[in-house]
Protein chains: 2
Amino acid sequence: MRTSVEEALAVAVAQTDWPESLEDAVRYSLLAGGKRLRPLLVLLASEMFGGRMEDAMPAACAIEMIHTYSLIHDDLPSMDNDNYRRGRLTNHRIYGDAMAILAGDCLLTRAFELLGGTPGPPDRMIRMVQILAAAAGGAGMVGGQVLDLEAERGPLRGPDFAEERDSSSQTCGESAENTEINGTKALKPPNFFGKQANCSDSNLVDQLIRIHTMKTGALISGALDLGATSAGAEPQDCDRLKQYGYRIGLAFQIADDLLDITGDQARLGKTPGRDVDLGKLTYPAFWGIDESRQRAKTLISEACGLLDIYGERAVWLKELANFIVERDH
Amino acid sequence: MRTSVEEALAVAVAQTDWPESLEDAVRYSLLAGGKRLRPLLVLLASEMFGGRMEDAMPAACAIEMIHTYSLIHDDLPSMDNDNYRRGRLTNHRIYGDAMAILAGDCLLTRAFELLGGTPGPPDRMIRMVQILAAAAGGAGMVGGQVLDLEAERGPLRGPDFAEERDSSSQTCGESAENTEINGTKALKPPNFFGKQANCSDSNLVDQLIRIHTMKTGALISGALDLGATSAGAEPQDCDRLKQYGYRIGLAFQIADDLLDITGDQARLGKTPGRDVDLGKLTYPAFWGIDESRQRAKTLISEACGLLDIYGERAVWLKELANFIVERDH
């Protein structure tokens, strides 16, 4: 399955009518390996509802292209200013900022072109175009990136990590107004953990959850929705998979934060501790390491519970969910 | 028609589920006026084939969103580094580079979401998604932008403008290898003008035509294709309109270059002479002012000739073509 994804991705960007330099820049980032989590979710969701892999593959590639373009743009100097990604120099460090912006734009556009060429009933394809756009756009991934950026650059910072590192205690001190970050509407995030402690840290955690639900959760649940839709699944099944997706997405982010503290550079392919250095809001900074780990496990268990009604058919998605919290890179 | 476009654009980005700051940044650029040439082309092409305006409007808005996102990204410091656009500060000058990148990404994604919601038969919508993606992507607008960037930054420059300003003479001096710009494949551009003089300037002009055919021509002919397709036109009619589109697109670019030399800042909304200052390749630099004007007129006349078979139905598109070379802003 993994090999099929790699092959399909390579074919999807072997465009003889693109300028060679653009094709190079696009291939550099898209074909750089990575976990291919999102395509895998598309294919597993499709398989669960009896879909054929070839019908789901355009969506699998499209969502990986969206993910890759977002990494290229996020790494730019005016955004996160990262030099390394997946153990290699970032796109703009090789091709320059202008080309990196254009390579991202090209991938984003190509994702929709590819999706529009999906075999199957046209009304299903149209639905998939809208799922992808909703997951990737201003109410999803791009919106989450905006909130993330504002949280990092605004007056709000997480509690000092060094103090909180080995404790799950929460400090109260910020005012309630802080739920509004730089004038951004403080929409209520999904309530995954029930009522938080009545102090502003809980508001900050709510904000953090909202950011990640949009920034990474939307695309992960979108992947599952795309896969199920490509197989002709019923709307309530698509919704169930999306709920599973939001939970594993959040668990994935918590696991990422934990790896940033406890991982080593060789396995991560990036500098550990970087998030802390940047003063980024992270879950361990609020909850401490042990509670973060526990909450990630709870999310995974809830996610898997949602799939119980599918019996044996859900075994791979459950497996994958558990891998997310147990991985070391 | 113009008012309907403005209203539809405003509605299309009134997204209560986007972060407020993102919505602000998007609206700042999308609702800043402008000629709305591309939406107009969509609507006129649709009307020509008996389409209803409401069926063509999503495509009209989508293509203007693509155009606007490309302007936002092009204006960035790492690209053209422009401070003014349509007489106002550019997006990144107001909202910062990071937000400008994200506002562009958001518009690009929203364009496809909107197009996927077009009323009408699903197979037609799917066709429209592919038309838009092909026109906007690596083989179209984004690819043209890459070539443009490389031409500006590479060793190749146009002949010195001051020398060529009032002359249509061509100087030979560059070697033939220069048709390959920075290792970019030198695909043959469409031959709008027959055989050029046998010297490298003709190769440079060919490159320039190729750049503009991709960078602006693809989106303009895509607009016409979208409009005709939304009305259910036959493929040969769509092709005919695309040919018309490539010609008016090129004439539009030549007219732009001429305005950069002869226009005044108030009407242009940007600094005249800027292209020359930047050492950009321009048509007047190759052909001189008079011949450039003549060639633009010839293109318009060819474009209009293509529409003769439609009789009275083509009157507005012909009118628009003539406006392109006669406008003063």
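The model shown is predicted, which means the values in this text are computed figures rather than measured ones.

Cut-offs and rules
Residues numbered from 1 in each chain as written. Chains lettered and ligands numbered in written order. Predicted model: local features only at pLDDT ≥ 70, side-chain atom pairs only at ≥ 80, totals over all residues. Heavy atoms only, no water. Phe/Tyr/Trp six-rings, centres within 6.5 Å; stacked < 30°, edge-to-face > 60°. Helix = DSSP H or I, 4+ residues; strand = E, 2+ residues; numbered from the N terminus. Buried < 20%, exposed > 50% of the residue type's maximum accessible area, 1.4 Å probe, protein only. Salt bridge = Lys/Arg side-chain N within 4 Å of Asp/Glu carboxyl O. Contact = heavy atoms within 4.5 Å. Buried area = accessible area lost by both parts, 1.4 Å probe. Polar contact = N/O pair within 3.5 Å; in protein donor to acceptor, adjacent residues only side chain to side chain.

Colleague: Just checking my understanding: could you explain the packing of aromatic side chains for this structure?
Modeller: Pairs of aromatic rings are described using the distance from one ring centre to the other and the angle between the two planes. Within this structure, the stated rule accounts for seven aromatic pairs over all chains. Aromatic pair Phe 112 of chain A and Phe 112 of chain B: ring centres 4.6 Å apart, planes at 5°, arrangement stacked. Here Phe 112 of chain B lies in helix α6 (residues 97-116) and Phe 112 of chain A lies in helix α6 (residues 97-116), a pairing that spans two chains. By relative accessible area, which is 0% here, Phe 112 of chain A ends up buried. Ring geometry for Tyr 28 of chain B versus Tyr 95 of chain B: centroids 5.6 Å apart, planes at 70°, classification edge-to-face.

Colleague: Can you help me understand the pattern of salt bridges in this one?
Modeller: When their charged atoms lie close together, side chains carrying opposite charge are able to pair. Using the criterion set out here, one finds 26 salt bridges over all chains in the structure. Where Glu 291 of chain A meets Arg 295 of chain A, a salt bridge forms, and the shortest distance between an N and an O atom there is 2.6 Å. With Glu 291 of chain A and Arg 295 of chain A both in helix α14 (residues 283-306) and four residues apart, the pair spans about one turn of that helix. Put simply, Arg 52 of chain B and Glu 54 of chain B hold a salt bridge, and the shortest N to O gap is 3.5 Å. For Glu 54 of chain B, a relative accessible area of 48% gives the class partly exposed.

Colleague: How should I be thinking about the interface of chain B and chain A in this particular structure?
Modeller: You'll often see interface size given as the accessible area lost when the parts meet. At the interface, 51 residues of chain B touch 51 residues of chain A. Across the interface of chain B and chain A, roughly 4,100 Å² is buried in total on both sides, 71% from carbon and sulfur atoms. Joining chain B to chain A, the criterion identifies zero salt bridges. Where chain B touches chain A, the interface holds six residue pairs in polar contact (both at pLDDT 80 or more). Mapped onto the side of chain B that touches chain A, the elements with two or more residues apiece are α2 (20-30), α4 (53-74), α6, α7 (122-136) and α8 (141-153) of chain B. Here the side of chain B that touches chain A gets twelve residues from one element, more than from any other, and that element is α6 of chain B.

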